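Given next are the chains, with one letter for each unit.
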Amino acid sequence: MKKTMVDDIQEGEIAALDVYDNCGNELIKKGAILKASLKTSLKKAGIYFLYSDDNEGSVHTVYKLKTLAELLQVMKCFIASNGENAEILKKYGKEEIKRFLSASNETGNKIAYGHIFRYFATEMVSSLNENKKQVYDFQDYRTIETYPEYHIVNAACITGVLAHNMGLKDEEKVDAITGALLCDIKMNQYKFIGENRELTGTEKEEMRQHPLLSFDMARKIYGIPARAALIALQHHERYDKGGYPKGIGGNDIGVLGKIAAIADVYDALTSSRPFRKVYTPSDAWHCIDSNIGILFDPAVAEEFKRSIPEYFPGDIVEVKDGDKAIVLENCYGKPQSPSIKIIEKKDKSAIISCSVKTQTIVKTLESIRQKEQQWEE
Ligand SMILES: [Fe+2]
């Protein structure tokens with residue numbers, strides 16, 4: 001499996017994963033033969049890379065991509081309508097409403113967003129439960145314009161993985177994912193966020209109210225448990241009491257809030273933003289690592305380091321002896337030792353053995369988000 005920029009797609013390559021656009025439409029099915037003509041439609045959808053199959057390595061998506069594509073649509077609708085149930089009811093038919101209600105053991109046709117969030121969180125937990133421990137190294141196909149919804153969904157994905165690997169109960173995992181989806185639901189009221197610039201001091205100060213506003217809104221949604229809403233309130237609190245809105249720290253912050261805090265920071269850093277350079281997975285991983293016991297709870301951050309690897313499949317890296325390699329596959333608990341394949345010798349000599357190996361990696365030379373950002377610029 002390798003990451004291929006859309007412009008570099010070769011006729012006949014095989015899609016390694018399904019690809020959905022920002023409206024939830026399936027653009028490419030896993031296993032499909034890629035054609036050069038796809039380049040235009042992919043770029044029109046804001047997609048600049050995809051995963052193609054070269055029979056080597058794999059990416060751990062953990063969740064069903066169809067579920068995530070659908071959840072993204074729900075979040076878009078929720079944010080745009082400020083949580084109005086009427087809007088979501090227009091979108092879904094009787095059968096779908098029945099499906100959403102099934103996760104809450106309710107019948108009838110009265111549905112609220114609480115049921116819908118619970119449905120998706122339950123689906124995600126059943127994917128998590130397919131393996132005892134999960135490593136998560138999937139980078140989705142987001143664009144700058146769609147940052148808010150993708151950020152919410154991806155932070156919820158990471159939250160789920162951490163909650164699962166920490167051995168939390170299913171009910172806690174469902175609440176953790178639900179709460180992570182609610183963290184930034186009031187961010188859309190800050191219109192300056194969409195502007196292509198860094199925020200002023202006053203704007204930053206205003207934004208510090210969003211956990212409180214998101215919490216208040218979450219508490220009013222029928223079917224949202226208090227434990228899930230509390231995550232929205234606490235996701236910017238920090239272990240050393242340096243966060244907001246209340247400035248609480250240590251174990252005064254709930255474990256689910258501590259998990260969502262790390263997921264939120266990590267996903268924000270590895271997302272392409274107009275006002276700063278994107279972090280490679282490795283840079284973001286070290287940023288979490290260097291703040292253990294300062295911003296982040298030690299037990300949660302150590303779990304993060306086992307679950308989210310430093311290098312992602314398809315990253316081009318430099319190994320200790322100066323050779324260039326491609327990252328093939330990660331495994332849980334070994335975040336710095338993925339399997340790799342040498343693709344270029346330091347002295348440009350011929351590569352005699354193409355075998356897969358593990359070697360000390362010195363640095364990331366190319367990651368997909370960096371390439372994406374160059375596209376956007
Ligand atoms: Fe936030």
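Being a predicted model, the structure only gives us computed values, none of them experimental.

Cut-offs applied
- Residues numbered from 1 in each chain as written.
- Predicted model: local features only at pLDDT ≥ 70, side-chain atom pairs only at ≥ 80, totals over all residues.
- Heavy atoms only, no water.
- Disulfide = S-S within 2.5 Å.
- Donors = N, O, S within 2.8 Å, 3.2 Å for Na, K, Ca; no water.
- Tetrahedral: all angles 85-135°; square planar, octahedral: opposite > 155°, others 65-115°.
- Buried < 20%, exposed > 50% of the residue type's maximum accessible area, 1.4 Å probe, protein only.
- Helix = DSSP H or I, 4+ residues; strand = E, 2+ residues; numbered from the N terminus.
- Contact = heavy atoms within 4.5 Å.
- Pairing = 2+ DSSP bridges.

### Comments concerning the state of the cysteines
Considering all chains together, one arrives at zero disulfides under this definition. Left without a disulfide partner, Cys157 is nearest to the cysteine sulfur of Cys183, which lies 13 Å away.

### A closer look at the coordination of the iron ion
Around the iron ion, the donor atoms from the protein are Asp184 (OD), His210 (NE2), His235 (NE2) and His236 (NE2), and they sit 2.2 to 2.3 Å away. Here the iron ion is ringed by four donor atoms whose angles at the metal span 86 to 175°, and the overall shape comes out irregular. If you list the donors of the iron ion from N- to C-terminus, the spacing comes out as D-x25-H-x24-H-H.

### Quick notes on helix H10 (residues 226–234)
Every buried residue of H10 is listed here: Ala228, Ala229, Ile231, Ala232, Leu233 and Gln234. Buried positions along H10 lie against helix H7 (170–182), helix H9 (210–220) and helix H11 (255–269).

### Here we look at the pairing of strand S6 (residues 316–319)
Pairing geometry for S6 and strand S7 (residues 324–329), over three bridges, is antiparallel. Within S7, the residue paired with Val317 across the bridge is Ala325. In textbook terms, the turn of a hairpin is the stretch between consecutive antiparallel strands, and for S6 and S7 this stretch comprises four residues, one of which, Gly322, has a positive phi near 95°. Judged from the four bridges that link them, S6 and strand S9 (residues 361–366) form a sheet pairing that is antiparallel. Each residue of the ladder has a partner; that of Glu318, found in S9, is Lys363.

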